[in-house]
Amino acid sequence: MGMTHVVDRRLNGKNKSAVNRERFLRRYRHHIKKAVADAVHRRSITDIERGENVSIPSRDTDEPIFHHGQGGKREVVHPGNKEFVAGDTVPKPPGGGGQGQGQGQASPDGEGMDEFAFQITQEEFLDFLFDDLELPNLARKRLKDTEAFKYVRSGFSTQGVPAKLDVVRSLRGAHARRLGLGGARKKKIREMEAQLAALKSAPEDLDPAFSHEDQIKALEDEIAELKANVRRIPFIDEIDLRYRQHLKQPQPATSAVMFCLMDVSGSMTQMHKDIAKRFFILLYLFLKKNYKKIDVVFIRHHTSAKEVDEEEFFYSRETGGTIVSSALKLMHKIIESRYSPAEWNIYAAQASDGDNWNDDSPICSKLLADSILPLVQYYAYVEITPQDHQMLWYEYEKIQERFPQSFALQQIADPGEIYPVFRQLFERKAA
Amino acid sequence: MTDTMDRPNAPKIREPISTSSEWTFPLLEKYDEEIAKCAAEFGLDTYPNQVEVISAEQMMDAYSSVGMPVGYHHWSFGKQFLSTSKGYQRGQMGLAYEIVINSNPCIAYLMEENTLPMQALVIAHASYGHNSFFKGNYLFRTWTDASAIIDYLVFARDYVAECEERHGVDAVEQILDSCHALMNYGVDRYKRPAPISAAEEARRQKEREEYQQRRLSDLWRTIPKLDDDEDPIRRKQRYPEEPQENILYFIEKNAPLLETWQRELIRIVRKLAQYFYPQRQTQVMNEGWATFWHYTLLHRMYDKGLVNDGFMLEFLQSHSAVIYQPPFDSPWYSGINPYTLGFSIFTDLRRICENPTAEDREWFPDIAGTDWVETLHFAMKNFKDESFIQQFLSPKVMRDMKFFAIQNDDEEDVYRITAIHDDPGYRALREKLARQYNLSYREPNIQVWNVDVRGDRSLTLRHIPVDRVPLGDDTEEVLRHVHRLWGFDVHLESVDDGRVVEEAHCPVKELDEE
């Protein structure tokens, strides 16, 4: 006895199951991808960063084994008899073929037995979303890191890496230490030297019993020893070293506004809009990592533009022609009235199927170049169409040549092609 | 002498170890020390204990790896983890308060959230109850090696990881999926296996590889002599000559196309199946024994004045929840609660020893009135669920639990009550209940029947139905897994009374072919 060990394992790794969980998600990635796509469709673009419930048909996750089926003759013992006596018969429920006997199929929680339901975390959700968007790892990491920090100086510490050594402070410390350790002794040395000089200059006593020689010898020895002591005090010691210390501090809060512009004319199908939505989500996530406060402005347009809420932006349909400049004008007006570029970082993302009234495209180009691009950090345009470009694209191409730092455009036919638009943006921010 | 002096059960002064329900490490040690003293009074023989305090998340991890402290990676454990954590977060499920590992030292997990009385209960239940069962029961003594299992698990995990690196996660996952489908058919039921050892495994892997190759080429020497085929006796001879119950073993040794690492993976799953086999055969006994002892040991603590009334109230509340048996017609009914059945039998066994009635003397003449500690130990050591129930289920327990047997024959329009808890029914009821815990009755009897060594190399499995009970609807799916491992056609025939009553094939046979 007495052979028990009580061990505290609470600080050991928690996530022993992490790999197994990851294996499960990997195996059912097609199911999960679909659930994530559904959620993206359902959720607001500002509400993309949380987990999601996923259900998979149990049939697909079951692990098959040989087992008994229904039929034949079976006898089972049960507890809790009330009135049965041997020889009693109980009619079988009609049509059921006498199944469901005994073996404990009850589901006490009342949840459907034919679904395997589980939760994926926010991080996993984003991963599947980013898979969909074919985001490179570096960009993923940057989007998932929750806080941006900068390093600020915060005094000095006695430990650190050589690169952070503060030479002046270390030497000053060494000097102080040398004074502290050697000062008293040096004073004593000075006193004794004075004494010695006095003795040496004093007239020799005739009585050898009062000879100064012994005293001089003793003083000289003591002075030599003290001097040796003082010499042994190192010029600089480990305890003198001082390192500059830096602390991680959250970036000061700044604000950004994100303009979402979308063509909602008849030619834009729901599929187009779902792709556009991913594009806006990605921009939103990117901004969220860089700014504390983000406003989102939704502007939809056909022949005229209107500021709307998100629901109306993505899910209501219009018919008719397209005049893109109407949206640009409205955006400019909103900037002037509500989002002073001095206080706001302005981003804009425009999605369209490329349709525009031909005479309008040069107007758009001029509006962008003259009144909008000077005010914004970044303007991204995606054209969701597999077809040939129209006038608007060619106008925008010219804009990109003139403003390569703040304007990007991309033609996409599926969500995987959205990312290149952002590459430039990420690269710029990384620098 | 005063009254209290006469009754050792009632201590003069109650000096509880603690009065708060908050636990601390020194308190856990103190409780363990006292529980150990009580256990020694009753002669419980245990492996040394290792009690590990873990968090709820860690408990979920432990849960999902079927209680293995180290495990290879597989999606099915991830699935288990997801459903466990979901149940826990919703508060549907209290996490297990006990997970205990059949190892030496015997590892038991305590969850940090538990109150002190709960921790004491788990220590008594797992570290002294289950632990002494692992050390004493003949199945565990014969089939498992508590001192070697952890090393073997580490070996298995590393080997699987190495295979994943070399052959890819998918390739390994496929083999493991197939092995898991046949895991229940990866055990020797009668033959004692070689002891498990990680070092030995690693050393012998190489040897096995060479030997295996020689053996296989003998078996699969492809060009038969002509007169061999002509010989009617040789043609009739089956391979294997006797049906083989350990399907995984047979495949590991005989599948023509498997690579060495694939055979090793089969072997690993097989070894683990064998390790868990005793647990599957002793659930009622093992839980009953552990429950009996947490109940008995903590009462002994109370009698010694080491715990107070509040402690006992909390403990008894958990205890009654554990042994609650909903009746068959309750919405919460999901079969017989093994804790209840096992606890009832052991408790009644003690009663039969201490206070036998006339009925007991008639039913248990060898036991009635004997030393109860000795008798219970005898029962714990020498039986498995099936034989334990057959031997020790008393009429009183059958009455208390109000057992009855119901027969469902698909050739009849009615269910028949075939026996209840009365004089004419006791023996039949006991027999039927015992059979219910016989693994070879609970699982379909399927064995390797024949390999067409000289023909298309197809593998035929044979299923012997009992009472016409057919195979379930997973069968074709499982056959696909057998096919993946075997590499050639696989057939399964159900043979009742010498007549093939049902067939399944992989690849599935075209209808017009039949």
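Residues take numbers from 1 onward in each chain, read along the sequence in its written order. Here every chain gets a letter starting at A, and every ligand a number starting at 1, in the order they are written. Local features in this predicted model are restricted to residues whose pLDDT is 70 or higher, and side-chain atom pairs enter the listing and the counts only when it is 80 or higher, whereas totals over whole chains, interfaces and linings include all residues.

- Under an unreviewed UniProt entry, chain B has the name SpoVR family protein and belongs to Marinobacter vulgaris.

- As named in an unreviewed UniProt entry, chain A is UPF0229 protein DIT71_02895, taken from Marinobacter vulgaris.
- UniProt positions are given in the numbering used here, feature names are shortened, and annotations may be inferred rather than shown by experiment. Annotation of chain A in UniProt includes, under Sequence similarities (unreviewed entry), the sentence "Belongs to the UPF0229 family."

Describing the environment of Ser 103 of chain B
Residue and element names in this part refer to chain B.
Argument step 1. Every helix listed is a DSSP run of H or I at least four residues long, and every strand listed is a run of E at least two residues long, numbered separately from the N terminus. Residue position: Ser 103 is located in the loop between strand 2 (99-101) and strand 3 (106-111).
Argument step 2. Between the buried cut of 20 or more and the exposed cut of 12 or fewer other C-beta atoms within 10 Å of a residue's own C-beta lies the partly exposed class, and all C-beta atoms are placed from the backbone. Of the residues examined, Ser 103 has 22 C-beta atoms within 10 Å and is grouped as buried.
Argument step 3. Between the C-alpha atom of Ser 103 and that of Glu 476, which follows or precedes it by 373 residues, the distance is 37 Å.
Argument step 4. Ignoring any residue separated from it by four or fewer positions in sequence, one finds Ser 103 in contact with Ala 146, Ile 149 and Ile 150. The contact criterion used here is simple: two residues whose C-beta atoms, placed from the backbone, lie within 7 Å are in contact.

Structural notes on the interface of chain B and chain A
How large an interface is tends to be reported as the accessible area lost when its parts come together.
Argument step 1. Listed by partner, the interface residues are 86 residues for chain B and 57 residues for chain A.
Argument step 2. Sort the elements by how many residues they give to the side of chain B that touches chain A and helix 4 (residues 75-89) of chain B lands first, with nine residues.
Argument step 3. Its residues placed into classes, the side of chain B that touches chain A shows 39 nonpolar, 25 polar and 22 charged.
Argument step 4. Relative to strand 5 (residues 414-420) of chain B, strand 4 (residues 89-91) of chain A is paired through three bridges, and the arrangement is antiparallel. When the bridges of strand 5 of chain B are listed, Thr 89 of chain A appears paired with Arg 416 of chain B. When residues are grouped by polarity, Ala, Val, Leu, Ile, Met, Phe, Trp, Tyr, Cys and Pro land in nonpolar, Asp, Glu, Lys and Arg in charged, and all others, Gly among them, in polar. When DSSP finds two or more bridges between two strands, those strands count as paired.

Quick look at the domain arrangement of chain B
Residue and element names in this part refer to chain B.
Argument step 1. The source of the domain bounds is an automatic or database domain assignment. On domain assignment, one finds that chain B holds domain 1 (3-137 + 282-316), domain 2 (347-441) and domain 3 (443-513).
Argument step 2. In this complex, domain 1 contributes eleven residues to the contact, which on the side of domain 2 involves ten residues.
Argument step 3. For the side of domain 1 that touches domain 2, the secondary-structure elements that each account for two or more residues are helix 5 (116-136) and helix 14 (283-303).
Argument step 4. Split by residue class, the side of domain 1 that touches domain 2 holds six nonpolar, five polar and no charged.

Comments concerning helix 12 (residues 391-402) of chain A
Argument step 1. Multiplying 1.5 Å by the helix residue count minus one yields the expected span of that helix. Here helix 12 of chain A is twelve residues long and its end C-alpha atoms lie 18 Å apart, about the 16 Å a rise of 1.5 Å per residue gives.
Argument step 2. Considering only its buried residues, helix 12 of chain A is in contact with helix 11 (361-372), strand 12 (378-384) and strand 13 (407-412) of chain A.

Quick word on the pairing of strand 11 (residues 344-352) of chain A
All names here are of chain A.
Argument step 1. Within strand 11, eight of the nine residues are buried, which leaves the element mostly enclosed by the surrounding structure.
Argument step 2. Summarising the sheet, strand 8 (residues 255-263) and strand 11 pair through eight bridges and their orientation is parallel. Bridge pairing in strand 11 links Cys 260 to Ala 349.
Argument step 3. In terms of strand pairing, strand 11 meets strand 12 through six bridges, oriented parallel. The residue bridging Ser 352 from the neighbouring strand is Glu 383, located in strand 12.
Argument step 4. Between the parallel pair strand 11 and strand 12, the chain is carried across by helix 11, and the sense of this crossover is right-handed. By convention, a crossover is right-handed whenever its connection, traced from the first strand over the helix to the second and viewed with the strands pointing away, goes clockwise.

Thoughts on the nonpolar core
Argument step 1. When buried Ala, Val, Leu, Ile, Met, Phe, Trp, Tyr and Cys residues are joined through C-beta atoms within 7 Å, the set is termed a nonpolar core. Counting residues in hydrophobic clusters, the biggest one holds 220 residues, and the most contacted among them are Cys 260 and Leu 283 of chain A together with Ile 35 of chain B.
Argument step 2. The contacts of Cys 260 of chain A, once residues within four sequence positions are left out, are Phe 280, Val 296, Val 297, Phe 298, Ile 299, Phe 313 and Ala 349 of chain A.

Digging into the confidence of the model for chain A
Residues and elements named next belong to chain A.
Argument step 1. How sure the predictor is of each residue is captured by pLDDT, a score from 0 to 100. Of the residues in chain A, 86% have a pLDDT of 70 or more, and the chain-wide mean is 81.
Argument step 2. Mean pLDDT per element in chain A: helix 5 (residues 137-144) is the minimum at 63, and strand 3 (residues 73-78) is the maximum at 95.
Argument step 3. Contacts of residues 97-111 to residues separated by more than four positions or lying in other chains number 20 contacts, the stretch itself having pLDDT below 50.

As for the sheet that holds strand 8 of chain A
All names here are of chain A.
Argument step 1. Strand order across the open sheet formed by six strands is 10-9-8-11-12-13, with mixed pairing between neighbours. In the strand order of this sheet, the two ends are held by strand 10 (305-308) and strand 13, each with one partner. Neighbour-to-neighbour, the strand axes of this sheet turn through a mean angle of 20°, independent of strand direction.
Argument step 2. In this analysis, axes come from line fits to C-alpha atoms, helices being fitted only over the stretch in contact, and the angle between any two N-to-C directions falls in the range 0 to 180 degrees. Against the sheet, helix 10 (residues 325-338) contacts strand 8, strand 9 (293-301), strand 10 and strand 11, and its axis sits at roughly 150° relative to strand 9.

Details of the packing of helix 2 (residues 25-41) of chain B against helix 5 of chain B
Residue and element names in this part refer to chain B.
Argument step 1. Put simply, helix 2 and helix 5 touch, their axes get as near as 10 Å, and they point 45° apart. Taken together, the axes of helix 2 and helix 5 lie oblique to each other. By crossing handedness, the relation of helix 2 to helix 5 is classed as right-handed. Across the interface between the two elements, Leu 27, Leu 28, Tyr 31, Asp 32, Ile 35 and Ala 39 of helix 2 pack against Leu 116, Gln 119, Ala 120, Ile 123, Ala 124 and Tyr 128 of helix 5.
Argument step 2. In terms of residue class, the contact of helix 2 with helix 5 is built from ten nonpolar, one polar and one charged. For this classification, under 35 degrees means roughly parallel, over 145 means roughly antiparallel, 65 to 115 means roughly perpendicular, and everything else is oblique. Put simply, a crossing is left-handed when the front helix is turned counterclockwise from the back one by less than a right angle, and right-handed when it is turned clockwise.

Describing the sheet that holds strand 7 (residues 459-464) of chain B
All names here are of chain B.
Argument step 1. Judged by pairing direction, the sheet is mixed, and its four strands sit side by side in the order 6-7-8-9 without closing on themselves. The sheet terminates laterally at strand 6 (445-451) and strand 9 (499-506), the two strands that pair on one side only. Each neighbouring strand pair of the sheet contributes to a mean axis angle of 25°, computed without reference to strand direction.
Argument step 2. Looking at chain direction, strand 8 (residues 490-496) and strand 9 are connected through seven bridges and run antiparallel.

Comments concerning the environment of Val 508 of chain B
All names here are of chain B.
Argument step 1. Its place among the elements puts Val 508 in the segment after strand 9.
Argument step 2. Judged by the 10 C-beta atoms lying within 10 Å of it, Val 508 is exposed.
Argument step 3. Spatially, the C-alpha atom of Val 508 lies 9.3 Å from that of Arg 480, the residues being 28 residues apart in sequence.

Considerations on unusual backbone geometry
All names here are of chain B.
Argument step 1. Cis rather than trans, the peptide bond between Asn 104 and Pro 105 has omega equal to 0°.
Argument step 2. Its location among the elements puts Pro 105 in the loop between strand 2 and strand 3.
Argument step 3. For Lys 402, which is not a glycine, the phi torsion comes out positive at approximately 50°.
Argument step 4. For Lys 402, the position within the fold is in the loop between helix 20 (395-401) and strand 4 (404-409).
Argument step 5. Of note in the backbone geometry, Asp 497 takes a positive phi value of approximately 60° without being a glycine.
Argument step 6. Within the secondary structure, Asp 497 sits in the loop between strand 8 and strand 9.

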